[in-house]
2 protein chains.
Amino acid sequence: MNTKNFRFHMPVAVHYGVGIAHNMTGWIRGERVMIVCDPFLYQSGVAEKLGGALEGKTVSYFSGIEPNPSTVSVDACAEAARAARAETVIGVGGGSAMDVAKVVACLVTNGGSIYDYYAGGTKRFGPRAVKLILIPTTAGTGSEVTNVGVYTNPRAGVKMPFVTDEFWADEALIDPEMTYSLPPAVTASTGMDAFCHAIEAYWNKESQPMCDFLAMGALKTILENIKAAYDHPDDTAARGAMITAALVAGVAFSQTRTTGIHAVSFPLTTEFHASHGAACSITLPAFIRAAKQGAAEKLRVLAGYLGYADADALADGVEALMRSMKMPVRLQELGVREADIPHIAEVGLTAAIIQLTPAEMNQETVEALLRSIL
Amino acid sequence: MNTKNFRFHMPVAVHYGVGIAHNMTGWIRGERVMIVCDPFLYQSGVAEKLGGALEGKTVSYFSGIEPNPSTVSVDACAEAARAARAETVIGVGGGSAMDVAKVVACLVTNGGSIYDYYAGGTKRFGPRAVKLILIPTTAGTGSEVTNVGVYTNPRAGVKMPFVTDEFWADEALIDPEMTYSLPPAVTASTGMDAFCHAIEAYWNKESQPMCDFLAMGALKTILENIKAAYDHPDDTAARGAMITAALVAGVAFSQTRTTGIHAVSFPLTTEFHASHGAACSITLPAFIRAAKQGAAEKLRVLAGYLGYADADALADGVEALMRSMKMPVRLQELGVREADIPHIAEVGLTAAIIQLTPAEMNQETVEALLRSIL
């Protein structure tokens, strides 16, 4: 067992239950609530149904959240929340809306722009006076139990994480019903994103026992349920298992951060327009093979626990699972050409997390890894 | 997978590292610190060594904590902490000193006696202004990561738990060094107490996926390390693994509570003077067999994960392990006679947690369970 120093701190109160997102009046602080979501969730009536179930509260909505949310959207949302004098901010969605809600809940009373606190800004958030509630609508990001938000500067086109203890939500409401209408392709890509979170926590150079145990459980649960949720969107047991696994994987990587898979996903998302889950999982089998370099014994134990002969068999199994869900498994399927590989490697290597991978990560090794799945 | 509603909330910041208990100045709030411990820890100089390492702080000590701490000790300690105007309270020890530190940290600024808030008292603690740090010296109780304290009313001889969110510590410092000098008998009994915490979280009627994963990891770690720590007290790897497993088991049962094993341990402790760990683990094999009634599938999975053919083989294996560490495995070894069994069952059944056992628990079934290990 690992005997390195470690820290575990995840103060969010997590509540799991079918239908609880429509019974959350008791968790609200004050009278004025702002719900932050994406346009689809608003136009489909889902957000208004959540707000309508808040008895005796004044609810406003900010539905202008795009994928890979921009700092411009953050500031616009914060302005709207201040105008509405929100006492509770609820982020509902995949990672984007939850990430925006995190920083908006801080900006309501701290004032100013996100740039006053982030990316060179020198101010620090005081204690957050506004209550923050997060409700995932995918079984994937785990953002509901992390203290990280990722925002994109639209001028520079740069995606940058913002980490602060003020981003820990007061409550995370895990309601499987919110995922029942996810289409199969989204079930697959977000579920494999959660798989990446768990395995990256497990093999991480900053791994630790608490997170190892959680990651193992999440990985087994995903392998046992993702295909059922993909094939049968109305399989409520599989949906419950998947959103639970995404939560548990989120808790695991909230302590360790991620590794090379997520580092390399950034250029695949911003430049090749892959979904976050597809951009991550496309390199997953190759990173499983690479991680044997520094985590051979841990991967042997994990493969056995998951029912595979060894790490290579696990990598093959994951790739076959992805194919069975029509996910891309070769970079060419995303439009990547041989000539793009040096640049993708270079951008991936600028993310500090890549050095948490249990293998030598440099221009040469990352290019070789990418070529192996071209 | 379980799809019942569940809640997970464990806000304590956990820090693990060899030697960190002697480097905790950075975690202290204010200038005046009170260290709460038992007489042995004070007389042996351990407590003063911890206090002496606090640079620039005024440190006072309250070392009058007995096993199964009384409400009288609690009130005396609170009075001393108020007189010292403590801004940080540090509980160092097994469960007893940590449990006392929890309530004392609340009483310093809330005022009054424990009985104003507990066992019929009608006052409620306001937010705790005094910082609370807990440092376990055994790999067992898990009290450092629970919001429960257990106190004994010396007049009535009744042991009663007190649960409040104000008891979550600010920091738990997990320093394996604190356990290096534990004698083998204490290593065995406290380690098996941690085993009981984990398995009682796992088979609990209030079990939940997060805690299941943690419990499985803790159980495997204990089985792999307890004998090494018992045979070789200076095996630092085994010590580190054991205190980690006790921590993880603590997190697991902090969410679910315990079950029949702990319920029945209360009369065995108070009336037959068994140590807490011995009083718990003596019924462990019998409860593993009983729990098959309601948790057959979960026990089958667990037994397989732990390397046993089935739950009965696990029960046999645990009993053999206990024998190998010279722990009592028959009630007669504690001085219990056939005629005592109805009374022990009756007292055990007064603890509400006994109904969290996944088996029918009534006078008849508990007596039968106890007779099977007389």
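Keep in mind that what you see is a predicted model, and the values were worked out from it rather than measured. (Residues numbered from 1 in each chain as written. Chains lettered and ligands numbered in written order. Predicted model: local features only at pLDDT ≥ 70, side-chain atom pairs only at ≥ 80, totals over all residues. Heavy atoms only, no water.)

1. A word on the overall build of chain A
Okay, step 1: Helices and strands together make up the secondary structure of chain A, namely 13 helices and eight strands.
Okay, step 2: When its C-alpha atoms are laid out on the principal axes, chain A stretches across 55 × 45 × 45 Å.
Okay, step 3: For chain A, the share of sequence-separated contacts (at least 6 apart) that also reach a separation of at least 24 residues comes to 78%.
Okay, step 4: Of the roughly 13,300 Å² of accessible surface on chain A, a fraction of 53% belongs to carbon and sulfur atoms. (Helix = DSSP H or I, 4+ residues; strand = E, 2+ residues; numbered from the N terminus. Contact = heavy atoms within 4.5 Å. Areas by Shrake-Rupley, 256 points an atom, 1.4 Å probe, with all protein chains shown as cover.)

2. Some words on the interface of chain B and chain A
Okay, step 1: Contacts between chain B and chain A engage 32 residues on the former and 32 residues on the latter.
Okay, step 2: Summing both partners gives a buried area of about 2,700 Å² for chain B against chain A, and 71% of it is carried by carbon and sulfur.
Okay, step 3: Considering only the side of chain B, the residues that lose the most area to chain A are Phe-6, Tyr-16 and Phe-213 of chain B, jointly responsible for 23% of the buried surface there.
Okay, step 4: Linking chain B to chain A there are zero salt bridges.
Okay, step 5: The tally of links from chain B across to chain A stands at six residue pairs in polar contact (both at pLDDT 80 or more). (Buried area = accessible area lost by both parts, 1.4 Å probe. Salt bridge = Lys/Arg side-chain N within 4 Å of Asp/Glu carboxyl O. Polar contact = N/O pair within 3.5 Å; in protein donor to acceptor, adjacent residues only side chain to side chain.)

3. Here we look at the environment of Val-103 of chain B
Residue and element names in this part refer to chain B.
Okay, step 1: Looking at the secondary structure, you find Val-103 in helix α4 (residues 95-110).
Okay, step 2: Each C-alpha atom of the pair Val-103 and Ala-296 lies 39 Å from the other, and the pair is 193 residues apart in sequence.
Okay, step 3: In contact with Val-103, not counting residues within four places along its chain, are Val-74, Ile-114, Phe-125, Tyr-151, Phe-162 and Phe-167.

4. Notes on helix α11 (residues 311-324) of chain B
All names here are of chain B.
Okay, step 1: In this model, α11 (14 residues) spans 20 Å end to end at C-alpha, consistent with the 20 Å of a helix rising 1.5 Å per residue.
Okay, step 2: Among all positions of α11, only Ala-311, Leu-314, Ala-315, Gly-317, Val-318, Glu-319, Leu-321 and Met-322 are buried.
Okay, step 3: Packed against the buried residues of α11 are α5 (184-203), α6 (209-231), α9 (276-281) and α10 (284-305).
Okay, step 4: Where α11 begins, the capping side chain belongs to Asp-310, and its oxygen is found 3.2 Å from the backbone nitrogen of Asp-312. (Expected span 1.5 Å × (residues − 1). Buried < 20%, exposed > 50% of the residue type's maximum accessible area, 1.4 Å probe, protein only.)

5. Considerations on the UniProt feature "domain: Fe-containing alcohol dehydrogenase-like C-terminal" (unreviewed entry) in chain A
Okay, step 1: Taking the UniProt record as the reference, the feature "domain: Fe-containing alcohol dehydrogenase-like C-terminal" (unreviewed entry) is found at residues 187-373 of chain A.
Okay, step 2: Across residues 187-373 of chain A, the secondary structure splits into 71% helix and 0% strand, with the terminal C-alpha atoms separated by 23 Å. (UniProt positions renumbered as here; feature names shortened; annotations may be inferred.)

6. Here's the deal with the state of the cysteines
Residue and element names in this part refer to chain B.
Okay, step 1: On inspection of all chains with the given rule, the structure shows zero disulfides over all chains.
Okay, step 2: Counting only cysteine sulfurs, Cys-77 is the nearest neighbor of Cys-37, a cysteine outside any disulfide, at a range of 9.3 Å.
Okay, step 3: On the accessibility criterion, Cys-77 (0% relative accessible area) is buried. (Disulfide = S-S within 2.5 Å.)

7. A closer look at the sheet that holds strand β5 (residues 131-136) of chain B
Okay, step 1: The strand order across the open sheet built from 12 strands is β3(A)-β2(A)-β4(A)-β5(A)-β8(A)-β1(A)-β1(B)-β8(B)-β5(B)-β4(B)-β2(B)-β3(B), with neighbouring strands paired in mixed fashion. The sheet is open, and its two edges are formed by β3 (58-62) of chain A together with β3 (58-62) of chain B, each paired on a single side. Across the sheet, the mean angle from the axis of one strand to that of its neighbour is 25 degrees, orientation sign disregarded.
Okay, step 2: Sheet topology places strand β2 (residues 32-36) of chain B next to strand β4 (residues 88-93) of chain B; four bridges connect them, and they run parallel. Among the inter-strand pairings, Val-33 of chain B is bridged to a residue of β4 of chain B, identified as Thr-88 of chain B.
Okay, step 3: Sheet contacts for helix α7 (residues 236-256) of chain B: β1 (6-16) of chain A together with β1 (6-16), β5 and β8 (171-174) of chain B; angle to β1 of chain B, the most-contacted strand, approximately 150 degrees. (Pairing = 2+ DSSP bridges. Axes fitted to C-alpha atoms, helices over the stretch in contact; angles between N-to-C directions.)

8. Some thoughts on the nonpolar core
Okay, step 1: With 243 residues, the main nonpolar core has Met-192 and Leu-268 of chain A together with Met-192 and Leu-268 of chain B as its most contacted residues.
Okay, step 2: Beyond its immediate stretch of four places on either side in the chain, Leu-268 of chain A contacts His-273, Ala-274, Ala-279, Ile-282, Leu-331, Leu-334, Val-336 and Ile-344 of chain A.
Okay, step 3: The next biggest cluster of nonpolar side chains, apart from the first, holds 18 residues, and it includes Met-24, Ile-35, Leu-54 and Ile-135 of chain A. (Core = buried A, V, L, I, M, F, W, Y, C linked by side-chain atoms within 4.5 Å.)

9. Side note on α10 of chain B
All names here are of chain B.
Okay, step 1: Between its first and last C-alpha, α10 extends only 18 Å over 22 residues, short of the 32 Å set by a 1.5 Å rise per residue.
Okay, step 2: The sharpest bend along α10 reaches about 120 degrees and sits at Ala-295.
Okay, step 3: Two residues or fewer past α10, Gly-307 is found with a positive phi of approximately 90 degrees. (Bend = angle between axes of the 7 residues up to and from the residue.)

10. What to know about the domain arrangement of chain A
All names here are of chain A.
Okay, step 1: On domain assignment, one finds that chain A holds domain 1 (13-178) and domain 2 (184-372).
Okay, step 2: The C-alpha-based centres of domain 1 and domain 2 are spaced at 26 Å.
Okay, step 3: Domain 1 puts 17 residues into the contact, and the matching count from domain 2 is 20 residues.
Okay, step 4: Between domain 1 and domain 2, roughly 1,400 Å² of surface is buried when both sides are summed, and carbon and sulfur atoms account for 71% of that area.
Okay, step 5: Of all residues in domain 1, Ala-139, Gly-140 and Lys-159 bury the most surface against domain 2, accounting for 33% of the area lost on that side. (Domains from an automatic or database assignment.)

11. Digging into the relation of the copies chain B and chain A
Okay, step 1: Aligned on chain A, chain B shows an RMSD of 0.0 Å; the corresponding rotation is 180 degrees and the shift along the axis is 0.0 Å. These values place the two chain copies in the arrangement generated by a two-fold rotation axis. Within chain B, the C-alpha atom positioned nearest to the axis of rotation is that of Pro-11 of chain B, 2.0 Å from it.
Okay, step 2: Mapped onto chain A, 100% of the interface residues of chain B are again interface residues, and the two copies thus contact each other with one and the same surface. (Least-squares fit on C-alpha atoms with pLDDT ≥ 70 in both.)

12. So, the environment of Ala-188 of chain B
Residues and elements named next belong to chain B.
Okay, step 1: Relative to the helices and strands, Ala-188 resides in helix α5.
Okay, step 2: Its relative accessible area of 0% is what places Ala-188 among the buried residues.
Okay, step 3: Sequence spacing of Ala-188 and Arg-289 is 101 residues, and the spatial spacing of their C-alpha atoms is 22 Å.

13. Structural notes on empty space enclosed by the protein
Okay, step 1: Applying the stated criterion to the full structure yields three cavities of 30 Å³ or more.
Okay, step 2: If you add up the space inside the largest cavity, you get close to 60 Å³.
Okay, step 3: Taken together, Phe-213, Met-216, Gly-217 and Tyr-305 of chain A together with Phe-213, Met-216, Gly-217 and Tyr-305 of chain B form the lining of the largest cavity.
Okay, step 4: For the lining of the largest cavity, the per-class residue count stands at six nonpolar, two polar and no charged. (1 Å grid on protein atoms, 1.4 Å probe; cavity = no way out; pocket = protein on both sides within 12 Å on 5 of 7 lines; lining within 4 Å. Points joined across faces, edges and corners; volume = space filled by probe spheres on them. Nonpolar A, V, L, I, M, F, W, Y, C, P; charged D, E, K, R; others polar.)

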